[in-house]
Protein chains: 2
Amino acid sequence: MTETLGSTGEFGLIEAVTKGLSTSEDVLVGPGDDAAVVAAPDGRMVITTDLLVEGRHFRQDWSSAYDVGRKAAAQNLADIAAMGARPTSLVIGFGAPADLPVAWVQELYQGLVDECELVGAAIVGGDTVQSEKIVVSVTAFGTLDGRAPVLRSGARPGDEVAVVGRLGWAEAGYTVLTRGFRSPRTVVEAHRRPQPPYDEGPRAARAGASSMCDVSDGLLSDLGHIAVASQVVIDIHPNALAVPEPLQAVAAATGLDAMQFVLTGGEDHALVGTFEPADVPEGWTVIGSVAEGNEDRPAGTVTVDGAPYAANSGHAHFRS
Amino acid sequence: MTETLGSTGEFGLIEAVTKGLSTSEDVLVGPGDDAAVVAAPDGRMVITTDLLVEGRHFRQDWSSAYDVGRKAAAQNLADIAAMGARPTSLVIGFGAPADLPVAWVQELYQGLVDECELVGAAIVGGDTVQSEKIVVSVTAFGTLDGRAPVLRSGARPGDEVAVVGRLGWAEAGYTVLTRGFRSPRTVVEAHRRPQPPYDEGPRAARAGASSMCDVSDGLLSDLGHIAVASQVVIDIHPNALAVPEPLQAVAAATGLDAMQFVLTGGEDHALVGTFEPADVPEGWTVIGSVAEGNEDRPAGTVTVDGAPYAANSGHAHFRS
């Protein structure tokens, strides 16, 4: 008989998922009390939260429980990195129906743990409840190690725009999955498990990044957040961006524009930032520049080679 | 036309709920960036998280959106207080169907904000997504102001057990609601909006509490957590506990035992702790004592007047 959440009960489930958790020197009180206590060495804590809902953020037939765990952790850890911070820990809220196998939840936690291990973070607490659909809430924490946070509002005219990490891969993977295909495997894998360049966040901060965010909604959309918050105009030059072969293959097979994956696809959690020209870190690709707004292009605008981008420029929840 | 999440969109919703948020000196970077930054003055952060799901933790016909907000904040802030900490901030994950009126979400946030104001805490960030059922994820943070956290594992033989706050009120309210009644109003209100004694948490810590937790599952069940974590036996004397008149009224009307509400009802978020006899703070009621385990009563046991309690002793998720 398969053990389910209903047969093992809440406390059995908590024991099953917490026994394998690693810890770190940042964890002062781990799971099992009313609350956890985590070190905030420089007297500040960087905090972000995301909610993932079955059917909307993942499908059990497209992603394994392990993949859901990897992705749930990754999108939060990337937000921490995008502040220029180093992730230290996270807490998990988990809801599921009583007939879900315990093994599914253990695989989910293994995915969360493995993604955390990439950055040395630990799971320090959580909550488990019964719900009709699977719900995973992740709240992640990080430390700035004494540095100022890199905000969206710091871009200055004359800065260059640079990016590191994949763009459009997850969107290409989503596109083939929605059409019933499972290949190219590299883009399907990218949809299931993003590979955010975590270490580049603190590295960009040390290099003097004036603004930064992670690409979760799409490059143009997320640069729009920086342009609005900084009250500047951002112009990018897509020719600086190579379009990887798997994206070209998906575009050819689906009749879509490969560059649209790159410019508007979210969920790869690349990092995009602005820097004084001399400060751009090695390995980052300069893709554009920051200017003052004017009558033709008011502050808050993002353009592509000087003109508005024509296609749908990103993802928004609730609207269909 | 009623504005809904679908018609206003994600960014409209975020604007609607964040514009009314107050802030505090602990909030270094508030909502609107990749992550928030919150002060952790003594280099440590106390962290707890809870997930509330419509139909399981609240019903729209029993609780207003405002009440759901109050309760969601309260149960997390109480966990922070139960560590002996002072709540400073929280983040919210929110999922709902596209046809939910924006006004519902604004009332929810007003409830969250009003409960936070009781302790001077601020909402510093969140995430909004679409989901079939309403889901509210709350992660709360607090500071120990230099003190050691009060854990569940610190109870020592010879300590007295003391409690502060309501017991059984929320359970009595839930009982009348499940039977289709709306009175006594005081217990129905207690179910909708718990009144945790937040300030008593840090106060107990300063007084030297050896262990503490909040009563969320039921007094006997939560004392069981302390008994197991501390490897001691706890014996309580219910005669020390007055049974309030509204609970007696519900018991009389339903044929239930009023003392069972007191001993096993959760969700009022009273605080229960253990103290050396001289340390019990004024206003707390001594209800029992801590002893070593022996052959008859092994460590981890909770007894009532020296004997096991006969009725169902608390709430567990997933099991039915």
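Residues numbered from 1 in each chain as written. Chains lettered and ligands numbered in written order. Predicted model: local features only at pLDDT ≥ 70, side-chain atom pairs only at ≥ 80, totals over all residues. Heavy atoms only, no water.

Now for the packing of helix H2 (residues 65-82) of chain A against helix H3 (residues 102-117) of chain A. All names here are of chain A. The N-to-C vectors of H2 and H3 enclose an angle of 40 degrees; their axes lie 7 Å apart at closest approach. At the point where H2 passes H3, the crossing takes the right-handed sense. Residues Ala-65, Tyr-66, Val-68, Gly-69, Arg-70, Ala-72, Ala-73, Ala-74 and Leu-77 of H2 form the contact with H3, whose own contacting residues are Trp-104, Glu-107, Leu-108, Gln-110, Gly-111, Leu-112, Asp-114, Glu-115 and Cys-116. Across the contact of H2 with H3, the residue classes tally to eleven nonpolar, three polar and four charged. (Axes fitted to C-alpha atoms, helices over the stretch in contact; angles between N-to-C directions. Helix = DSSP H or I, 4+ residues; strand = E, 2+ residues; numbered from the N terminus. Left-handed = near helix turned anticlockwise from the far one by under 90°. Contact = heavy atoms within 4.5 Å. Nonpolar A, V, L, I, M, F, W, Y, C, P; charged D, E, K, R; others polar.)

Inspection of every chain in the model, using the stated rule, returns 26 salt bridges over all chains. With its nearest N and O atoms 2.7 Å apart, the salt bridge here joins Arg-193 of chain A to Asp-67 of chain A. Note that Arg-193 of chain A is positioned in the loop between helix H5 (185-192) and helix H6 (200-207) and Asp-67 of chain A in helix H2, a separation of 126 residues in sequence. Arg-193 of chain A gets classed as partly exposed once you look at its relative accessible area, which sits at 28%. Classification of Asp-67 of chain A by relative accessible area gives buried; the value is 6%. Here Arg-152 of chain A and Asp-33 of chain B are joined by a salt bridge, their closest N and O atoms 3.7 Å apart. Taken together, the residues span two chains, with Arg-152 of chain A in the loop between strand S6 (135-143) and strand S7 (160-164) and Asp-33 of chain B in the loop between strand S1 (27-29) and strand S2 (36-39). The same class applies to Arg-152 of chain A as to Asp-33 of chain B, namely buried. Taken together, the shared-partner salt bridges connect Asp-26, Arg-86 and Asp-145 of chain A into one network. (Salt bridge = Lys/Arg side-chain N within 4 Å of Asp/Glu carboxyl O. Buried < 20%, exposed > 50% of the residue type's maximum accessible area, 1.4 Å probe, protein only.)

Listed by partner, the interface residues are 68 residues for chain B and 68 residues for chain A. At the boundary of chain B with chain A, the tally comes to six salt bridges. Notably, a salt bridge pairs Glu-132 of chain B with Lys-133 of chain A, separated by 3.4 Å at the nearest N-O pair. Counting across the interface, chain B meets chain A through 20 residue pairs in polar contact (both at pLDDT 80 or more). The element best represented in the side of chain B that touches chain A is strand S3 (residues 44-53) of chain B, accounting for nine residues. Of the residues assigned to the side of chain B that touches chain A, the class counts are 35 nonpolar, 19 polar and 14 charged. (Polar contact = N/O pair within 3.5 Å; in protein donor to acceptor, adjacent residues only side chain to side chain.)

Moving on, we come to unusual backbone geometry. Residue Pro-184 of chain A is bonded to the preceding Ser-183 of chain A through a cis peptide linkage, with omega at 5 degrees. Phi at Asp-305 of chain B takes a positive value of approximately 50 degrees, unusual for a residue other than glycine. In this fold, Asp-305 of chain B is placed in the segment after strand S12 (302-304). Residue classification places Asp-305 of chain B among the partly exposed positions, given a relative accessible area of 49%.

Residue and element names in this part refer to chain B. Those residues of helix H8 (residues 245-254) that fall on the buried side of the exposure criterion are Pro-246, Leu-247, Val-250, Ala-251 and Thr-254. Angularly, the buried residues of H8 cover 140 degrees about the axis, an arc narrow enough to put them on a single face. Projecting away from the buried face of H8 at angles above 90 degrees are the exposed residues Glu-245, Ala-252 and Ala-253. For H8, the elements touching its buried residues are helix H4 (169-178), helix H5 (185-192) and helix H9 (258-264). (Arc of directions from axis to C-beta.)

Glancing now at the environment of Ala-310 of chain A. Mapped onto the secondary structure, Ala-310 of chain A falls in the segment after strand S12 (302-304). Between the alpha carbons of Ala-310 of chain A and Ser-7 of chain A there is a distance of 54 Å; along the sequence they are 303 residues apart.

Right, let's talk about the sheet that holds strand S10 (residues 270-275) of chain A for a bit. All names here are of chain A. Pairing within the open sheet is mixed, and its six strands lie in the order S8-S10-S7-S11-S9-S12. The open sheet has two edge strands, strand S8 (211-215) and S12, and neither has a second partner. Across this sheet, the average inter-strand angle for adjacent strands is 25 degrees, counted without regard to direction. Alignment of strand S9 (residues 233-236) against strand S11 (residues 285-291), held across four bridges, turns out to be antiparallel. Opposite Val-233, over in S11, you have Ala-291 as the bridge partner. (Pairing = 2+ DSSP bridges.)

Okay, the UniProt feature "binding site: Mg(2+) 2" (unreviewed entry) in chain A next. Residue and element names in this part refer to chain A. Taking the UniProt record as the reference, the feature "binding site: Mg(2+) 2" (unreviewed entry) is found at Asp-50 and Asp-79. On the basis of their most widely separated C-alpha atoms, the annotated residues across 30 residues gather in one place, lying no more than 9.8 Å apart. With respect to the helices and strands, Asp-50 occurs in strand S3 (residues 44-53). The exposure class assigned to Asp-50 is buried, which follows from its relative accessible area of 11%. (UniProt positions renumbered as here; feature names shortened; annotations may be inferred.)

All right, on to the relation of the copies chain B and chain A then. Aligned on chain A, chain B shows an RMSD of 0.0 Å; the corresponding rotation is 180 degrees and the shift along the axis is 0.0 Å. The operation mapping one copy onto its partner corresponds to a two-fold rotation axis. For chain B, the smallest separation between a C-alpha atom and the rotation axis is recorded for Gly-43 of chain B, amounting to 2.3 Å. Comparing interface residues between copies, 100% of those in chain B also lie at the interface in chain A; the contact surface is shared. (Least-squares fit on C-alpha atoms with pLDDT ≥ 70 in both.)

Another aspect to go through is the packing of aromatic side chains. In total, this model carries five aromatic pairs over all chains according to the counting rule given. The interplanar angle of 85 degrees and the centroid separation of 5.5 Å between the aromatic rings of Phe-141 of chain A and Phe-141 of chain B together place this pair among those described as edge-to-face. In this pair, Phe-141 of chain A is assigned in strand S6 and Phe-141 of chain B in strand S6 (residues 135-143), connecting two distinct chains. Grouping residues by exposure puts Phe-141 of chain A and Phe-141 of chain B together as buried. Here the aromatic rings of Trp-62 of chain B and Tyr-174 of chain B are separated by 5.9 Å at their centres, their planes lie at 80 degrees, and the arrangement is edge-to-face. With Trp-62 of chain B in the loop between S3 and helix H2 (65-82) and Tyr-174 of chain B in helix H4, this residue pair connects regions lying 112 residues apart in the sequence. Using a relative accessible area of 10% as the deciding quantity, one classes Trp-62 of chain B as buried. Residue placement shows Arg-59 of chain A over the ring face of Trp-62 of chain A; its charged tip is 3.9 Å from the ring centre. Just above the ring of Trp-169 of chain A sits the side chain of Arg-166 of chain A; from NZ or CZ to the centre is 4.2 Å. (Phe/Tyr/Trp six-rings, centres within 6.5 Å; stacked < 30°, edge-to-face > 60°. Lys NZ or Arg CZ within 6 Å of the ring centre and 35° of its normal.)

This next bit is on the packing of helix H1 (residues 5-18) of chain B against helix H3 (residues 102-117) of chain B. Residue and element names in this part refer to chain B. Relative to each other, H1 and H3 sit at 25 degrees, their axes nearing to 10 Å. Comparing the axis directions of H1 and H3 gives the class roughly parallel. With respect to the hand of their crossing, H1 and H3 are arranged in right-handed fashion. Contact with H1, carried on its side by Leu-5, Thr-8, Leu-13, Ala-16 and Val-17, involves Val-102, Val-105, Gln-106 and Tyr-109 of H3 and no other residues of that element. When its residues are assigned to classes, the contact of H1 with H3 shows seven nonpolar, two polar and no charged. (Parallel < 35°, antiparallel > 145°, perpendicular 65-115°, else oblique.)

Residue and element names in this part refer to chain A. Throughout the structure, instances matching the rule amount to one cavity of 30 Å³ or more. Of the volumes computed, that of the largest cavity is approximately 30 Å³. Together, His-57, Phe-58, Ser-63, Asp-67, Val-68, Lys-71, His-191 and Arg-192 line the largest cavity. Mapped onto the lining of the largest cavity, the elements with two or more residues apiece are H2 and H5. The element that contributes the greatest number of residues to the lining of the largest cavity is H2, accounting for three residues. In terms of residue class, the lining of the largest cavity is built from two nonpolar, three polar and three charged. (1 Å grid on protein atoms, 1.4 Å probe; cavity = no way out; pocket = protein on both sides within 12 Å on 5 of 7 lines; lining within 4 Å. Points joined across faces, edges and corners; volume = space filled by probe spheres on them.)

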